[in-house]
Amino acid sequence: KYWNVQQEEIQETNENIREAAAAIQSQEAVAFPTETVYGLGADATTPEAVDKIFQAKGRPGDNPLIVHIATREQVETVAENIPDQARKLMDAFWPGPLTIILKSNGSAAENVTAGLSTVGIRMPDHPVAQALLKACALPVAAPSANQSGRPSPTTAKHVLDDLTGKIYGVVDGGATGVGVESTVVDCTGETAVILRPGGATKEDLEAVIGPVKTATDFKNEKEQPKAPGMKYTHYAPDAPFWLVEGGVDEVQQEINRLNKEGHTVGLIASEEHTDQYQGATVRSCGSQENLHEVAHKIYDCLRFFNDSSVDIILGETFPKKGVGVAVMNRLEKAATKIIK
Ligand code: TXA
Ligand code: MG
């Protein structure tokens, strides 16, 4: 089913929202927009419903899902022992692109948490997501609505390109805003740890709760805490994707080398550089000076070349500051090779 709700005001009483909510209540998997990326949602309390998500995406069963809620009261329906620090983050960032890992109270289905004793929760900041979550009045488990391993979807078309025939329906609320997924922060220990960089930056979090750790702060790689999902190949377009460090000259050299070998080349570049290249199909993903714009466009750029005939995709790098940390995290994971 396809429900179009691209409009300014949206209520939980909207006919399309009610139909989509009813589908979730009857244990179907339904895709919907959030402010970060599209999610594929199902009733988080029912393992059979949640299993439809894993089936549709082809997602490994050891990768837990984020539980989406519409109200603060719903936190206690799935989590317990909520530390002060976590409450401060909720006050400051919800609704918004922050997923908080808490101790599970056992109510979420076992396949939601992949058998862990913790659960990830977030309250999305998108009118359609909020209306849908209110209408179904359930905690909704939702990973990004892409085929596992592919770039996350930022439009309903991306969802349909990956999952047509595999899901019950999609609620189309237009293109998402942030463009990269939520920040995942583990609040079950003494110090909060960022497991996945995302829409809320480390600086943003530290302004609210003081020092926060990231996986790279742990010297010994074996001790680095990670979101289970971060170990898988991710965000990758169909053709090989190579990230090229350096500037325009280094990237142009790589294009020339590939052209000589007979390759057709696609390039994801910043707006400032798009006109400076020869021998490649260049796609701009926004200005170096506006990393929010880059985050917003990056997945669409990675997907753009899937529909073209280029056989190698190159990418420029971006500054690792602010939301650029999340952008570079995704590009480095998507890359089959990083040329230094
Ligand atoms: O912005 C987002 O977070 C989007 C939208 C739809 O909300 N969702 C999303 O979900 O990106 P997904 O499944 O693609 O990524 C969830 C990440 C994975 O890396 C997973 O391993 C981690 O969160 N995660 C979920 N529950 C966890 C837990 N209990 N402990 C550690 N990591 C967890
Ligand atoms: Mg994902």
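Computed from a prediction, not measured in an experiment: that's the story for all the values here. (Residues numbered from 1 in each chain as written. Chains lettered and ligands numbered in written order. Predicted model: local features only at pLDDT ≥ 70, side-chain atom pairs only at ≥ 80, totals over all residues. Heavy atoms only, no water.)

**Observations concerning a negative patch on the surface**
- A surface patch of like charges, here negative, comprises Glu271, Glu272, Asp275 and Glu289.
- Mapped onto the elements, Asp275 comes out in the loop between strand 14 (265-269) and strand 15 (281-284).
- Under the relative-accessibility criterion, Asp275 is labelled exposed at 75%. (Patch = residues over 30% accessible without salt bridge, like charges linked within 9 Å, V, L, I, M, F, W, Y side chains within 5 Å. Areas by Shrake-Rupley, 256 points an atom, 1.4 Å probe, with all protein chains shown as cover. Salt bridge = Lys/Arg side-chain N within 4 Å of Asp/Glu carboxyl O. Lys, Arg positive; Asp, Glu negative; His and termini not counted. Charge placed at Lys NZ, Arg CZ, Asp CG, Glu CD. Helix = DSSP H or I, 4+ residues; strand = E, 2+ residues; numbered from the N terminus. Buried < 20%, exposed > 50% of the residue type's maximum accessible area, 1.4 Å probe, protein only.)

**Here we look at the site of ligand 1**
- Surrounding ligand 1, one finds 26 residues, the nearest of these being Thr36, Asn63, His68, Ser182 and Gly229.
- Note that an oxygen atom of ligand 1 is positioned 3.0 Å from one of the side-chain N or O atoms of Arg122.
- Ser182 places a polar side-chain atom, nitrogen or oxygen, 2.5 Å from an oxygen atom of ligand 1.
- Within the complex, 96% of the 690 Å² of free accessible area of ligand 1 lies under protein.
- For the shell around ligand 1, the elements supplying multiple residues, two or more each, are strand 4 (66-68), strand 7 (118-122) and strand 11 (193-196).
- Of the residues contributing to the shell around ligand 1, the split by class is 13 nonpolar, nine polar and four charged. (Near = heavy atom within 4 Å. Polar contact = N/O pair within 3.5 Å; in protein donor to acceptor, adjacent residues only side chain to side chain. Nonpolar A, V, L, I, M, F, W, Y, C, P; charged D, E, K, R; others polar.)

**Thoughts on the UniProt feature "domain: YrdC-like" (unreviewed entry) in the protein**
- UniProt tags residues 14-200 as "domain: YrdC-like" (unreviewed entry).
- Counted over residues 14-200, helix gives 31% and strand 21%. Its end C-alpha atoms are 30 Å apart. (UniProt positions renumbered as here; feature names shortened; annotations may be inferred.)

**Overview of the side chain of Thr154**
- Mapped onto the fold, Thr154 is located in the loop between strand 8 (140-141) and helix 7 (156-163).
- You can call Thr154 buried: its relative accessible area is 4%.
- If we ignore the near neighbours within four places in the chain, the residues touching Thr154 are Thr36, Val37, Tyr38, Gly174, Ala175, Thr176, Gly179, Tyr299 and Asp300. (Contact = heavy atoms within 4.5 Å.)

**Let's talk about helix 9 (residues 248-260)**
- Between its first and last C-alpha, helix 9 extends 18 Å over 13 residues, near the 18 Å set by a 1.5 Å rise per residue.
- Next to the buried residues of helix 9 lie strand 13 (241-244), strand 14, strand 16 (312-316) and strand 17 (337-339).
- One or two residues past the end of helix 9 sits Gly262, with phi positive at roughly 90 degrees. (Expected span 1.5 Å × (residues − 1).)

**Here's the deal with the nonpolar core**
- With 47 residues, the main nonpolar core has Trp94, Ile100 and Leu102 as its most contacted residues.
- Elements that contribute at least two residues to this core include exactly strand 3 (39-43), helix 2 (47-57), helix 3 (75-78), helix 4 (84-93), strand 6 (98-104), strand 7, helix 7 and helix 8 (202-209).
- The element that contributes the greatest number of residues to this core is helix 2, accounting for five residues.
- Look past the residues within four positions of Leu102 in its chain and what remains in contact with it is Val75, Ala79, Ile82, Pro83, Ala86, Met90, Ser117, Thr118, Val119, Ile121, Cys187 and Thr188.
- Membership of the second largest hydrophobic core comes to 32 residues, among which are Cys285, Leu291, Val294 and Ile313. (Core = buried A, V, L, I, M, F, W, Y, C linked by side-chain atoms within 4.5 Å.)

**Concerning the environment of Glu272**
- Looking at where Glu272 falls in the secondary structure, it is placed in the loop between strand 14 and strand 15.
- Distance from Glu272 to Gly286, taken between C-alpha atoms, is 8.2 Å for residues 14 residues apart in sequence.
- When near neighbours in sequence (up to four residues on either side) are disregarded, Glu272 contacts Gly286, Ser287, Gln288 and Glu289.
- A polar side-chain atom of Glu272 sits 3.1 Å from the main-chain amide nitrogen of Gln288.

**Some words on the side chain of Glu35**
- Tracing the backbone through its elements, the reader meets Glu35 in the loop between strand 2 (30-32) and strand 3.
- Exposure remark for Glu35: the relative accessible area of 7% places this residue in the buried category.
- Looking at Glu35, its side chain comes within polar contact range of the side chain of Arg122, at 2.8 Å.
- Excluding residues within four positions of it along the chain, Glu35 makes contact with Gly96, Pro97, Arg122, Pro124, Asp125, His126, Thr176, Gly177, Val178 and Gly179.

**Side note on the pairing of strand 6**
- With six of seven residues buried, strand 6 lies mostly within the body of the structure.
- Relative to strand 10 (residues 183-186), strand 6 is paired through four bridges, and the arrangement is parallel. Bridged to Thr99 within strand 10 is Val184. (Pairing = 2+ DSSP bridges.)

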